[in-house]
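Notes for the structure review
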Amino acid sequence: PADRIKDEKDSVWSEFIELALKYKPLNLGQGFPDFAAPDHVTKALSEATLSPNILLNQYSRGFGHPRLVNALSKLYSNLCNRQINANKEFLVTIGAYEALFCAFQAWVNPGDEVIIIEPYFDCYEPMVKQAGGVPVFVPLVLKEESKNKSSISSSDWVLNEEELAKKFNSKTKMIVINTPHNPLGKIMSFKELEFIANLCKKHNVIALMDEVYEWIVYDNNKHVRMSTLPGMWENTITVGSAGKTFSVTGWKLGWAYGSEKLIRPLQLIHQNTVYTCPTPIQEAVAIGFETEIEKFNTSSSYWKELSSSLQEKRDKMSKFLNEVGMKPTIPEGGYFMLADFTELENKLNIPKTDDNETKDYRFVKWMSKNKKLQGIPPSAFYSQSHKNLGENFIRFCFMKKDETLNEAEKIIKEIK
Ligand code: PMP
Ligand code: GLN
């Protein structure tokens, strides 16, 4: 095999999906809903394939199906308060994954540095390396004064500004920011983004914004788009996902948007790798957006309903985790929750099977096999030398039916 993948191992997804197939646990691991996607979107897909317009089953425009890029342009032009060109400033991709991949391939030269904030969605690191880039890590850390609080919020996890500023230098090409965040649920505040934006502008660095959870926001939190900060349109590539936007993770459709200068190179990578995404899926997602644009900010908006029903699920999960002494970090957005299992684990006698294994991998595997409940070990979201920062936590997904969460509660309360 080629040198660029010689150090590649199974990702946490490959490993833990195998485990789920083997032990058949109640699965709160990988993030996806176990309930139906919105009707108007799933119906649109079946109608697209059966449409009298038979061409909807054939190839569409390579950089994005016209109906979809027009809908994306309408929505994001409004949200970003600028006219975004449907053809030149968008690229439709196979999931957010492909948008991220194209961004790294299109902008990172061998030796360029890319700043990644830990914990991070695990594919960022191998993708940067595959482009020849050098990942530079900066962790979010739980504020000292928050450690003994009775309820920890994802906003208690912060960047050390001085440490971050020191990572920017003449080799820095890009910084990757995920807000709302997987796995912490942190939503970057305007002030936090502004600090990063000023560094990007000063050092001419691209902000690659992973905003796939943009519609999943709790309480009075507000998702701020980096591309709307003063002077940042010119420096920002933003990535989104239909899987998260319409709860259809299996459709694997995503997009990137930004200035023509930033997006054109991504289009050039896409045209000779994927070329074009499935037409019926793009048509259905376009119809989904058209409907949601009509209902925007009304009480029947799918995104409003989704956030408020997920907020109840979040509260339900944090309550039962607290009751068993698995201290959760309450997310401001997204659909994952980290819980500190130290107190619970101290009462258990979990055998060590592999000296190289981090504590969270051991705990998560033990729970899958013996208690039939699956989470994800967050040390997978840290670089090799910082794995210890994630070791005391387990990540649960709460994008699940209430019955599933009740079942999880029962299992957790029986762990002794
Ligand atoms: N970024 C983050 C933060 C994610 O959690 C995910 C998970 N799906 C992705 C990107 C990839 O999204 P997609 O399924 O659309 O490729
Ligand atoms: N984003 C989802 C998660 O974090 C799915 C990950 C994946 O499919 N690779 O669980």
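Residues numbered from 1 in each chain as written. Chains lettered and ligands numbered in written order. Predicted model: local features only at pLDDT ≥ 70, side-chain atom pairs only at ≥ 80, totals over all residues.

As named in an unreviewed UniProt entry, the protein chain is kynurenine--oxoglutarate transaminase, taken from Anisodus tanguticus. UniProt's Pathway (unreviewed entry) comment on the protein chain is quoted here verbatim: "Amino-acid degradation; L-kynurenine degradation; kynurenate from L-kynurenine: step 1/2." Check the Sequence similarities (unreviewed entry) section of the UniProt entry for the protein chain; it says "Belongs to the class-I pyridoxal-phosphate-dependent aminotransferase family." (UniProt positions renumbered as here; feature names shortened; annotations may be inferred.)

What follows covers the overall build of the protein chain. The secondary structure content of the protein chain amounts to 14 helices and 14 strands. A compact globule built from 416 residues would reach a C-alpha radius of gyration of about 22 Å, and the protein chain, at 21 Å, matches this within 12%. Principal-axis analysis of the C-alpha atoms places the extent of the protein chain at approximately 60 × 50 × 45 Å. Here the protein chain holds 416 residues, and the buried ones make up 46% of them. Residue pairs at least 24 apart in sequence account for 72% of intrachain contacts in the protein chain once pairs closer than 6 positions are excluded. (Helix = DSSP H or I, 4+ residues; strand = E, 2+ residues; numbered from the N terminus. Rg over C-alpha atoms; globule rule 2.2 N^0.38 Å. Buried ≥ 20, exposed ≤ 12 C-beta atoms within 10 Å, placed from the backbone. Contact = placed C-beta atoms within 7 Å.)

A cis amide bond links Glu-118 to the next residue, Pro-119, at an omega of -10°. Tracing the chain through its elements places Pro-119 in the loop between β3 (113–118) and α5 (124–130). In this structure, Pro-180 follows Thr-179 across a cis peptide bond, with omega equal to -15°. Along the chain, Pro-180 falls in the loop between β7 (172–178) and α7 (190–203). Phi at Asn-81 takes a positive value of approximately 60°, unusual for a residue other than glycine. Here Asn-81 is to be found in the loop between α3 (66–80) and β2 (90–93).

Looking now at the site of ligand 1. Ligand 1 sits among 13 residues. The nearest are Gly-95, Ala-96, Tyr-97, Phe-121 and Ser-241. A per-element tally of the shell around ligand 1 places helix α4 (residues 95–107) first, with 3 residues. Tallied by class, residues from the shell around ligand 1 come to 4 nonpolar, 7 polar and 2 charged. (Near = placed C-beta within 6 Å. Nonpolar A, V, L, I, M, F, W, Y, C, P; charged D, E, K, R; others polar.)

In contact at an axis separation of 10 Å, helix α11 (residues 302–323) and helix α14 (residues 402–414) are set at 10° when each is read in the N-to-C sense. On the basis of the axis angle, α11 is roughly parallel to α14. Contacts from Lys-313, Lys-316, Met-317 and Phe-320 of α11 reach α14 at Leu-405, Glu-409, Ile-412 and Lys-413. Looking at the contact of α11 with α14 residue by residue, the classes come out as 4 nonpolar, no polar and 4 charged. (Axes fitted to C-alpha atoms, helices over the stretch in contact; angles between N-to-C directions. Parallel < 35°, antiparallel > 145°, perpendicular 65-115°, else oblique.)

An order of β5-β11-β12-β14 is seen for the 4 strands of this open sheet, with the pairing classed as mixed. Only two strands of the sheet have a single neighbouring strand rather than two, namely β5 (152–153) and β14 (393–397). Here strand β11 (residues 327–330) pairs with strand β12 (residues 336–340) via 3 bridges, running antiparallel. Residue Lys-327 lies in a different strand from β12, and its bridge partner there is Asp-340. (Pairing = 2+ DSSP bridges.)

Turning to helix α9 (residues 260–271), a few remarks are in order. Taking 1.5 Å per residue as the helical rise, α9 with its 12 residues ought to reach 16 Å, and the 16 Å between its terminal C-alpha atoms agrees with that figure. Within the sequence span of α9, burial applies to Leu-262, Ile-263, Leu-266 and His-270. Buried positions in α9, seen along its axis, are confined to an arc of 80° and lie on one side of it. Turned more than 90 degrees from where α9 packs its buried face, Glu-260 and Lys-261 sit exposed. For α9, the elements touching its buried residues are β2, α4, β8 (206–210), β9 (236–241) and β10 (254–257). (Expected span 1.5 Å × (residues − 1). Arc of directions from axis to C-beta.)

What follows deals with the site of ligand 2. Taken together, Trp-13, Gln-30, Gly-31 and Asn-182 make up the full set of residues adjacent to ligand 2. Residue composition of the shell around ligand 2, by class: 1 nonpolar, 3 polar and no charged.

What follows covers helix α13 (residues 359–371). Note: α-helices contain 3.6 residues per turn, so residues at a spacing of three or four share the same orientation. The end-to-end C-alpha distance of α13, which contains 13 residues, comes to 17 Å, matching closely the 18 Å that a straight helix rising 1.5 Å per residue would cover. Those residues of α13 lying buried are Lys-359, Asp-360, Tyr-361, Phe-363, Val-364, Lys-365, Met-367 and Ser-368. Where α13 is buried, its residues meet α1 (12–23), α12 (342–347), β13 (373–374) and β14. One or two steps after α13, the chain reaches Lys-372, where phi turns positive at roughly 60°.

Judged by nonpolar contacts, the single largest core of 115 residues is most densely connected at Leu-91, Ala-103, Ala-207 and Ala-256. Looking at this core, the element that brings in the most residues is α4, giving 9 residues. Residues within four places of Leu-91 in sequence aside, it is in contact with Phe-63, Gly-64, Ala-99, Cys-102, Trp-255, Ala-256, Ile-263, Leu-266, Gln-267 and His-270. (Core = buried A, V, L, I, M, F, W, Y, C linked by C-beta atoms within 7 Å.)

Remark on secondary structure: sheet strands pair via backbone hydrogen bonds, oriented parallel or antiparallel. Taken in spatial order, the 8 strands of this open sheet run β2-β10-β9-β8-β7-β3-β4-β6, and their pairing is mixed. Since the sheet does not close on itself, it has two edges, and those belong to β2 and β6 (157–159), each with one partner. Adjacent strand axes in the sheet meet at a mean angle of 25°, parallel and antiparallel pairs treated alike. Against the sheet, α7 makes contact with β7 and β8, and its axis sits at roughly 160° relative to β7, the strand it touches most.

A separate point is the pairing of β3. In terms of residue burial, β3 counts as a mostly covered element, since 6 of its 6 residues are buried. Burial along β3 is two-sided: Glu-113, Ile-115 and Ile-117 and Val-114, Ile-116 and Glu-118, pointing in opposite directions, are all buried. Bridge analysis of β3 against strand β4 (residues 134–142) gives 6 bridges, and the strand direction is parallel. Following the sheet pairing, Ile-115 is matched in β4 by Val-136. Once the chain exits β3 it traverses α5 before rejoining the sheet at β4, and the crossover so formed is right-handed. Two elements, β3 and β7, share 4 bridges in a ladder whose sense is parallel. (Right-handed = clockwise from strand over helix to strand, strands pointing away.)

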